[in-house]
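Each chain, letter by letter, is given below.
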Amino acid sequence: MTKVKSINRTARMTVKLLLRRVATSVISMLVGLTGIATSANAAELNIYSHRQQFLLQPFLDAFTAETGITTNVVYASKGLAQRLKAEGEASPADVILTVDIARLSEYSDLDLLSPVDSAVLNAAIPSELRASDNRWFAFSTRARLVVTSKERVAADAISNIEELADPQWEGRVCTRKGSHVYNRSLLASIIAANGKDAAEAWADGLVANMARRAQGNDRAQAKGIFEGQCDVAIMNHYYYGKMLHGDKEDHRAWANSIRLVFTNQGGRGNHINISGGGVAKYSPNRENAVAFLEFLTGSLAQQLYGEVNFEYPVNRSVAPGGVLQSFGEFKPDTLPIERLAELAPQAQMIIDRAGW
Amino acid sequence: MVATFLSRWSNGPALQVDGWSASAVLVCCLILGPIAALVVTAFGDSGGLWSHLVSTVLPRYVTNTLLLMAGVGVLAICFGVSTAWVVTRYEFPGRPLFEWMLLLPAAIPAYIIAYTYTDFLEYAGPVQSMLRDMFGWRRPADYWFPEIRSLGGAMLVMASVLYPYIYMVTRIAFRLTPASLFEIAIVHNKSQFWLVGLPLARPAIIAGLALVLMEVVSDFGTVEYFAVETITLGIFNVWLGMNNIVAAAQISLFGFVLILSLLGLEIYARSRQRYSGGTRKHTGLPNIVLSTRGQIACIAVCMLPLLTGFVIPVGVLLKLLMSGPVGTQFEPVYGTILASLGLAASAAVIIVLLSSLIVIAATYRGGVFVRQLAVAASTGYAIPGTMLSIGVLIFAGMIDRSWSGLIGDQRATLLLGGAGVLMTAYIVRFQAVGYGAMMSGIRRLPDNMMNASRVLGQGFGASLKRVVMPLLGSSMLAGGLLVFVDVMKELPITLLLRPFDFETLATYTYQYAKDEMLEEAALPALMVVIAGLIPVILMNRMLRRAG
C-alpha cells in the first residue's frame, strides 16, 4: 500500500513539475506579447490592413510625420474580419483598411464598424462612394477595364464589357479566376445593369471564349497578351501603370503590348471599385482613427494614391496626377458601390454555375 | 500517423483517473476546443447555400480533391519508398550523400515550389523559350506543352516536397526489418522487396502517407496559385465570395470527415495485423553490390525526386535572386529571420512537451478513453489553416471573455491580440506531428520495460525519468525538429493570427509572391529553405543512429 501511495505521489509531483514548466514557457511568451494588445495610447493607432505593406507604408510615414501618431499594423487578407469579431470588445484594432467593396461590406455585415460623423469626410467623398450609414468610406477608386492586343486587335473592336461574350472572341479571352473578388464585383455590376439572366448568359459566353483556364493575377493576363496566348483580357487599370512605370523591363514590354479600353462609355460608364476603410466598433484610439481617415482624404494622401499605386482620388478637388491623366479621361459607372456588395452572393452563384 | 498507432490499442481498462491522465485529458480538450468551435459553427444556418453548392461546385471540388490526393499519394509513395529501399539495401557511388540529400525537399514549402515551377515552366519561362528557339515555334498554337498550373502540375510539385515524410519513416522501417527475413527470401530466390521489405514497412508507409494526405487536403497556397478547385479553395470562395462562414465551416468539416474516413478505413483493414520483433537491426546483412548499369539505375532513382523537389526550385530562386540587387534586399529580411526562428523554436518546445505528456499518459496511465482522445487531438492537421484559425479565434474569444469577466476588465485579454492565439493555433495544427514522433518512439520500447522497472522497486515517476525518458530523447528531438520546420513554413495561420508589426519569413515571402513579384520573394523564400535545412540535416544524423 505504501508503495502505491509513493508511486502516486511521485507521479503527481512529476506532472506538477512538467506542467509548471510548460506553463512558465507559455506564460512568458504571452506576457511578452500581449502588452501591445491592451494598450490604448494617446499617440498610437492600430490598423488591420488587407492592403500590402509596400502600398500602405508611404501613407503611414506621411501620417506619422504630420501628426506624431505612431502606427501598428497587422497585414492579412483572409479572415481579418473573423479575427476582429472574435476579439470583440477587447480588440486593439482602430482602423480597418481594405480593397474592394465586398470585403468592406463583410465588416459592416458583421457589425464591426462604427459610424463616423465627420464633415471632412462627407465633403471629400462623393455619396455613392461611402456607406449610407457612414460606417465605411472609399479613399480611392480603380477601374476594371478591358485590355486588347495592340498588334492583333483593332482599336475600336470592342467598346462594351458585354461584347466579351460575343463568339468573335472565341479562344481569345484571358482573365483571372471568376471567383476572385474583382471579377465577382464586375459581374455584380453587370447584374445591376442588365439583370440576372443576362449576366448569367454573359458569364457563360465569356467562359466559352476563354483562351486558357482562368488563372494568375491581372498582371499575368497582360503577359498572356504579350506572349500571344490571348488577344483580350480583363484588368484593373493600375496594373498597367505599375507595369509601365515599374523597374522591370519585361513588365514594361507586357504593358507596351496592350491597349486600355474604358468600357460602356456611351452608356452607364466603366465599372469601378474602391479601396476604403472604416473605424472599428470598439476602437480604443477612436480620435486617432478618425484623424487617419480624414488624413487619407486630404490632398497629400489623395495624390499619394496616384503616385504609389496609380489609383484615382475620390476627392474631386484633387486632380489625378500626370500618369493617371495619360491613361485618358473616362466616365465611371455611378452605381452606388453598396449595390455591388448586395449582389456579390448572386454573382458568386453565377460564377459557380458557369465554371468561370 | 493516427492509423498506425490506433491499432495497437485494443485492450486495457476504459478509464483510469490519476494526475497524468487528468492533465492529458485537459490538454486534449483544449486542443479539441477550436475544432469543436468549427463544428458548432457548421451547425448554424447557411441560408440554403448547401443545396446550391451540392448541385453546382461541390462535386467538382470533391473530385479534384480526391484526384489530387490519389495523384500526390501514388507519386509520393513511388518517390519515398523507392529511394528508401535503394539507399538501405544497395551499394552505389554517392549513397551516403543521397541518404541525407533526399530529405532536403522537406525544407521547401509547397507554395514556394509552386511559384518557382510556374516561373520555370510557363510560356515565357526558360524551358519553353528554349524549345521555341530550338524548333522555331512562334505562337502557343504551334506546339503542345503541359500546363503547369493544372491538377497534374499540382500533383507533381506537392509530391516532390511531401515524399520525404514517407522516405523518412520507410527508411527506418527497412533498416529495422530483421536480417533473418531477408535471408529467407534470398535462400528461396524470391524478391526481397516485394515479399519482405514492402509488407513489413507497410505501417510506416501508411503513417507517412497519412501526413502527406493531410497536407494535401489542407493546402491552400499551391491550389490557389495553380487554380485547382479543391475543397479548400471552395471553402474560401464560399466564405469570402458569399459572406457565408457557416457554409465554409460545413465544407471544411466535409473535407475533415473525408480524411477521417480514409484513416478509419485503414485502421479497420489492419485491425487484426500485428507487427512485432521490430527492434533488431539487419546488421550483418551487407548491402547488395550492383553492376554498373544497376548502380546508374540507383542513382537515377535518387536523382529524380531530388531534382524536382530541390535542385530545380532552389536553382530558380537563386536565378531570381541574382537578377536583383542583393545587398539592399537583405536588410529588411534580417529581423524577420530572428522572429521566424524564435517562433518556430518556442512552438517546437511547447508541442513536444505537450505531446510527451499525452503520449506517456496514453501509454502507461490512462485507458482506452485517453488513447482515443489523444488520437482525436491530433486531427487538427487535416483542417485547412485558415479555417482552423477561425476555430481558434472563436475558442480564444470564449476563453478571453470568461477571463475578462473574471477579473472585471472588458479589455483584458489572455490570448487574443498577442502571440498566445498564434501559439494555440500552432499547437492544434501541429500536435499530430509531435504526437506521431513521440508515439513511434514509445512504441519501439519493449512493452515490459516499464513493468520491469516498477517490479524492481522504482516508482512510476522514477521509472519515467531513469528508463523511459532517456530512450525517448531522440524521438523528442525528431518531433521537435519536424514541428520547427513546419512552423517555419506555415503561412495561412501566421498571416491571420500574428500580432501587430510581426513578420515571419513565410509571410514576408507571400506578400511579394502573391503579387507575382518573384524577385523580391526569392531571398526570404531561400531563407525559409535554409532554415529548414538545419533541422533536416540534424534529423538525418539521428535517423542514422536510430538505424
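Look a little higher up for the structure.
Now for a quick tour of the structure. Here the residue numbers are simple positions, counted from 1 along each chain's written sequence. The naming scheme follows written order: chains are lettered A onward, ligands numbered 1 onward. Per-residue local features are limited, in this predicted model, to residues with pLDDT of at least 70; the limit for side-chain atom pairs, both in listing and counting, is 80 or more; totals at the level of whole chains, interfaces and linings are taken over all residues. Side-chain figures throughout are based on the complete set of non-hydrogen atoms in the structure, without hydrogens or water.

Attention now goes to the overall build of chain A. Runs of H or I in DSSP of at least four residues are treated as helices and runs of E of at least two as strands, each being numbered from the N terminus. If you tally the helices and strands in chain A, you get 14 helices and 10 strands. Looking at chain A as a whole, 59% of its 356 residues are labelled buried. Using a 1.4 Å probe, accessible areas were evaluated by the Shrake-Rupley method; residue-level cover was limited to the displayed protein chains. As displayed, chain A has an accessible area near 13,300 Å², and 52% of this comes from carbon and sulfur atoms. The rule is simple: take the accessible area with a 1.4 Å probe, protein chains only, and divide by the maximum for that residue type; under 20% is buried, over 50% is exposed, in between is partly exposed.

In this fold, His251 of chain A is placed in helix H10 (residues 249-256). Contact definition: two residues touch when any of their heavy atoms are within 4.5 Å. Residues in contact with His251 of chain A, not counting those within four places in the same chain, are Arg219 and Met243 of chain A.

Note on helix geometry: an α-helix contains 3.6 residues per turn, so any two residues three or four positions apart are oriented the same way. Multiplying one less than the number of residues by 1.5 Å gives the expected span of a helix. Over its 23 residues, helix H17 (residues 385-407) of chain B runs 32 Å from end to end, which matches the ideal 33 Å to within 8%, given 1.5 Å per residue. Gly408 of chain B sits one or two residues past H17 of chain B and shows a positive phi near 70°.

On to the nonpolar core. The term nonpolar core refers to a set of buried residues drawn from Ala, Val, Leu, Ile, Met, Phe, Trp, Tyr and Cys, joined through side-chain atoms within 4.5 Å. Counting residues in each nonpolar core, the largest one holds 295 residues, and the members touching the most others are Leu164, Trp202, Phe292 and Leu296 of chain A together with Val72, Tyr426 and Leu497 of chain B. For this core, the element with the highest residue contribution is helix H15 (residues 326-365) of chain B, accounting for 15 residues. Every residue in contact with Trp202 of chain A, bar those within four places of it in the chain, is listed here: Ile161, Glu162, Leu164, Ala165, Leu186, Leu187, Ile190 and Trp356 of chain A.

All names here are of chain A. Between its terminal C-alpha atoms helix H6 (residues 181-194) stretches 20 Å, which fits the 20 Å expected from 14 residues at 1.5 Å a residue. Of all 14 residues that make up H6, 11 are buried, and the element is covered over most of its length. For H6, every residue scored as buried is listed here: Val181, Tyr182, Asn183, Arg184, Ser185, Leu186, Leu187, Ala188, Ser189, Ile190 and Ile191. One or two residues past the end of H6 sits Gly195, with phi positive at roughly 95°.

Below, the discussion takes up empty space enclosed by the protein. Points on a 1 Å grid, built from protein atoms alone, make a cavity when a 1.4 Å probe fits but cannot get out and make a pocket when they are open with protein on both sides within 12 Å along at least 5 of 7 lines; residues with an atom within 4 Å of a point are the lining residues. Grid points are joined across faces, edges and corners, and a volume is the space filled by probe spheres set on the points. This structure, assessed with the given rule, holds 8 cavities of 30 Å³ or more. Lining the largest cavity we find 40 residues, and of these Lys78, Arg103, Arg176 and His180 of chain A together with Glu224 of chain B sit closest to its centre. For the lining of the largest cavity, the secondary structure elements donating two or more residues are helix H4 (101-109), H6 and helix H9 (237-245) of chain A together with helix H11 (221-226), helix H12 (231-241) and helix H22 (505-513) of chain B. In terms of residue count, the dominant contributor to the lining of the largest cavity is H12 of chain B (4 residues). Each residue is assigned to one class: nonpolar for Ala, Val, Leu, Ile, Met, Phe, Trp, Tyr, Cys and Pro, charged for Asp, Glu, Lys and Arg, and polar for all the others, Gly among them. Tallied by class, the residues present in the lining of the largest cavity amount to 16 nonpolar, 10 polar and 14 charged. If you add up the space inside the second largest cavity, you get close to 470 Å³.

This next bit is on the pattern of salt bridges. Salt bridge criterion: a side-chain nitrogen from Lys or Arg within 4 Å of a carboxyl oxygen from Asp or Glu. Under the criterion given, the structure shown has 23 salt bridges over all chains. A salt bridge links Arg144 of chain A to Asp218 of chain A; the nearest nitrogen and oxygen atoms lie 2.8 Å apart. Placement of Arg144 of chain A in strand E5 (residues 137-149) and of Asp218 of chain A in helix H8 (residues 218-227) is noted, with a sequence separation of 74 residues between them. Across the pair, exposure class does not vary: Arg144 of chain A and Asp218 of chain A are buried alike. A salt bridge links Glu99 of chain B to Arg95 of chain B; the shortest N-O distance between them is 3.2 Å. With Glu99 of chain B and Arg95 of chain B both in helix H5 (residues 95-101) and 4 residues apart, this pair spans about one turn of that helix. Arg95 of chain B matches Glu99 of chain B in its accessibility class, with the two residues each being buried. When salt bridges that share partners are traced, they join Asp111, Asp133, Arg135 and Lys281 of chain A into one network.

With 74 residues of chain A in contact, the opposing surface of chain B contributes 77 residues. Of the roughly 6,500 Å² buried between chain A and chain B on both sides combined, carbon and sulfur atoms contribute 58%. Summed over the shared surface of chain A and chain B, the number is 1 salt bridge. Two residues, Lys177 of chain A and Glu229 of chain B, come together in a salt bridge whose shortest N-O distance is 3.6 Å. Polar contact criterion, stated in full: a pair of N or O atoms within 3.5 Å, where within protein one must be able to donate a hydrogen and the other to accept it, and residues adjacent in sequence count only if both atoms are side-chain atoms. Here chain A and chain B share 7 residue pairs in polar contact (both at pLDDT 80 or more) between them. Here the element with the most residues in the side of chain A that touches chain B is helix H1 (residues 2-38) of chain A; it accounts for 19 residues. Looking at side-chain class alone, the side of chain A that touches chain B contains 31 nonpolar, 25 polar and 18 charged residues. Buried area is understood as the total, over both parts, of accessible area removed when two parts are fitted together, assessed with a 1.4 Å probe.

Quick look at the side chain of Ser356 of chain B now. Residue and element names in this part refer to chain B. For Ser356, the location among the structural elements is in helix H15. For Ser356, a relative accessible area of 3% translates into the label buried. Setting aside its immediate chain neighbours within four residues, Ser356 contacts Met438 and Met476.

What follows deals with the packing of aromatic side chains. Any two rings among Phe, Tyr and Trp, with Trp reduced to its six-membered ring, count as a pair given centres within 6.5 Å; such a pair is stacked if its planes are under 30 degrees apart, edge-to-face if over 60, and tilted if neither. Under the definition given, this model contains 26 aromatic pairs over all chains. Both rings, one in Trp202 of chain A and one in Trp356 of chain A, keep their centres 5.9 Å apart while their planes meet at 80°; by these two values the pair is edge-to-face. Here Trp202 of chain A, found in helix H7 (residues 196-208), pairs with Trp356 of chain A, found in the segment after helix H14 (337-354); they are 154 residues apart in sequence, far enough to count as distant. For Trp202 of chain A, a relative accessible area of 4% gives the class buried. For Trp356 of chain A, a relative accessible area of 3% puts it in the buried group. Considering the side-chain rings of Tyr115 of chain B and Tyr225 of chain B, the 4.6 Å spacing of their centres and the 75° angle between planes classify their relative orientation as edge-to-face.

To characterise two packed helices, one gives the angle between the axes of the helices and the distance between these axes. Residues and elements named next belong to chain A. Axis angles are defined between N-to-C directions and span 0 to 180 degrees, where every axis is a line fitted to C-alpha atoms and, for a helix, only to the segment in contact. Where H8 meets H10, the axes come as close as 8 Å, and the angle between the chain directions of the two elements is 70°. With respect to H10, the element H8 is oriented roughly perpendicular. Across from Arg219, Ala222, Lys223 and Phe226 in H8, the residues of H10 making contact are His251, Ala253 and Trp254. Class assignment of the residues belonging to the contact of H8 with H10 gives a composition of 4 nonpolar, 1 polar and 2 charged. An angle below 35 degrees is read as roughly parallel, one above 145 as roughly antiparallel, one from 65 to 115 as roughly perpendicular, and any other as oblique.

Moving on, we get to the state of the cysteines. All names here are of chain A. Any pair of cysteine sulfurs within 2.5 Å is marked as a disulfide. One pass over the full model with this rule turns up 1 disulfide over all chains. Between the sulfur atoms of Cys174 and its disulfide partner Cys230 the distance amounts to 2.2 Å. For the disulfide bridge between Cys174 and Cys230, the dihedral angle about the S-S bond is near -95°, and by the sign convention the bridge is left-handed. Placement of the pair is Cys174 in strand E6 (residues 173-174) and Cys230 in the loop between H8 and strand E7 (232-236), with a sequence separation of 56 residues. The pair formed by Cys174 and Cys230 is uniform in burial state, with each residue classed as buried.

Once that is clear, we can look at unusual backbone geometry. One non-glycine residue with positive phi stands out, namely Asp111 of chain A, at about 60°. With respect to the helices, strands and loops of the structure, Asp111 of chain A is situated in the loop between H4 and strand E4 (113-114). In the Ramachandran plot, Asp501 of chain B falls in the positive-phi region, its phi being about 50° despite a non-glycine side chain. Within the element layout of this structure, Asp501 of chain B appears in the loop between helix H21 (492-497) and H22.

All names here are of chain A. Here E5 lies mainly inside the structure; 13 of its 13 residues are buried. Any two strands with at least two DSSP-identified bridges between them are counted as paired. Inspection of the sheet shows E5 paired to strand E9 (residues 272-280) by 6 bridges, in the antiparallel sense. Within E9, the position partnered with Thr141 by the bridge is Ile274. As judged from the 2 bridges shared by E5 and strand E10 (residues 312-313), these two strands associate in the antiparallel manner.

Geometric descriptors of this kind do not, in isolation, establish any biological role.
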